[in-house]
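Letter by letter, the chains look like this.
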Amino acid sequence: MFRRITSSFLRVPKKARTACLVSIIMPGAGHVYNREVVKGVMLWAMAMGFLIWGYVSWSQYCVTYNQMFEQTAMHDIALAQARHSVPHLWVPFVFYLMVVVFSAYDAYLVARQVIDLINREKAIRESERRDVQMGDGDATV
């Protein structure tokens, strides 16, 4: 992002809302849209890690519940044993949600910065173009 802005980059329309929505759908995709690929891949990997952790925890919870229910045929005992085997079932899903919110918000902010940077660069190039044209006009007079 700190390299010189190329002409092809100036022609690519960037929208902050698009970056935000894409990041909500798939965490990290908004950063890829903003050309921050490494950050996007890292956020996507974190989100997938939390989803996998949540799925494994939920699977373990269900297996424990079903086994205890088959053995005792009592819902309360099976539920207590399942809660004991996976005490904080909600934690991976909360972390996943935090990654999604951070990814969407950060992608939106970065896209706004990129849009401002592109607008500034276009204004600078336009003023340079006008200065060159004005300079050519003075030389011919």
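Details of the structure are given in the entry above.
This report concerns the structure included in the present document. Predicted model, so just to flag it, every value in this text is computed and none were measured.

Our focus in this paragraph is the packing of aromatic side chains. By the definition in use, this model includes five aromatic pairs. For the pair Phe 50 and Phe 95, a centre-to-centre distance of 5.3 Å together with 25 degrees between the ring planes defines the contact as stacked. Residue Phe 50 is located in helix 4 (residues 37–72), and its partner Phe 95 is located in helix 6 (residues 91–140); the two are separated by 45 residues in the primary sequence. Accessibility expressed as a relative area gives 33% for Phe 95, which makes it partly exposed. A ring pair is formed by Tyr 65 and Phe 69, whose centres lie 5.9 Å apart and whose planes are at 15 degrees; its orientation type is stacked.

Turning our attention to unusual backbone geometry. Despite not being glycine, Arg 35 has its phi angle at roughly 65 degrees, a positive value. With respect to the secondary-structure elements, Arg 35 resides in the loop between helix 3 (29–33) and helix 4. Assessed through its relative accessible area of 46%, Arg 35 is described here as partly exposed. A positive phi is found at Ala 73, a non-glycine position, where the angle reads about 60 degrees. Along the chain, Ala 73 turns up in the loop between helix 4 and helix 5 (75–85).

This paragraph deals with the side chain of His 31. Note that His 31 resides in helix 3. Setting aside chain neighbours within four positions, we find His 31 in contact with Ser 23, Glu 36, Val 37, Lys 39, Gly 40, Leu 43, Ser 103, Asp 106 and Ala 107.

This brings us to the nonpolar core. Counting eight residues, the largest nonpolar core is built from Tyr 61, Tyr 65, Met 68, Ala 78, Leu 79, Ala 82, Val 86 and Leu 89. For this core, the secondary-structure elements that each account for two or more residues are helix 4 and helix 5.

Three- or four-residue spacings in an α-helix give side chains the same orientation, since the helix completes a turn every 3.6 residues. Along helix 5, the residues that are buried comprise Ala 78, Leu 79 and Ala 82. Along the axis of helix 5, the buried positions cluster into a sector of 100 degrees, meaning they face one direction only. Counted as exposed and oriented over 90 degrees from the buried face of helix 5: Asp 76 and His 84. For helix 5, the elements touching its buried residues are helix 4.

Calculation notes
Residues numbered from 1 in each chain as written. Predicted model: local features only at pLDDT ≥ 70, side-chain atom pairs only at ≥ 80, totals over all residues. Heavy atoms only, no water. Phe/Tyr/Trp six-rings, centres within 6.5 Å; stacked < 30°, edge-to-face > 60°. Helix = DSSP H or I, 4+ residues; strand = E, 2+ residues; numbered from the N terminus. Buried < 20%, exposed > 50% of the residue type's maximum accessible area, 1.4 Å probe, protein only. Contact = heavy atoms within 4.5 Å. Core = buried A, V, L, I, M, F, W, Y, C linked by side-chain atoms within 4.5 Å. Arc of directions from axis to C-beta.

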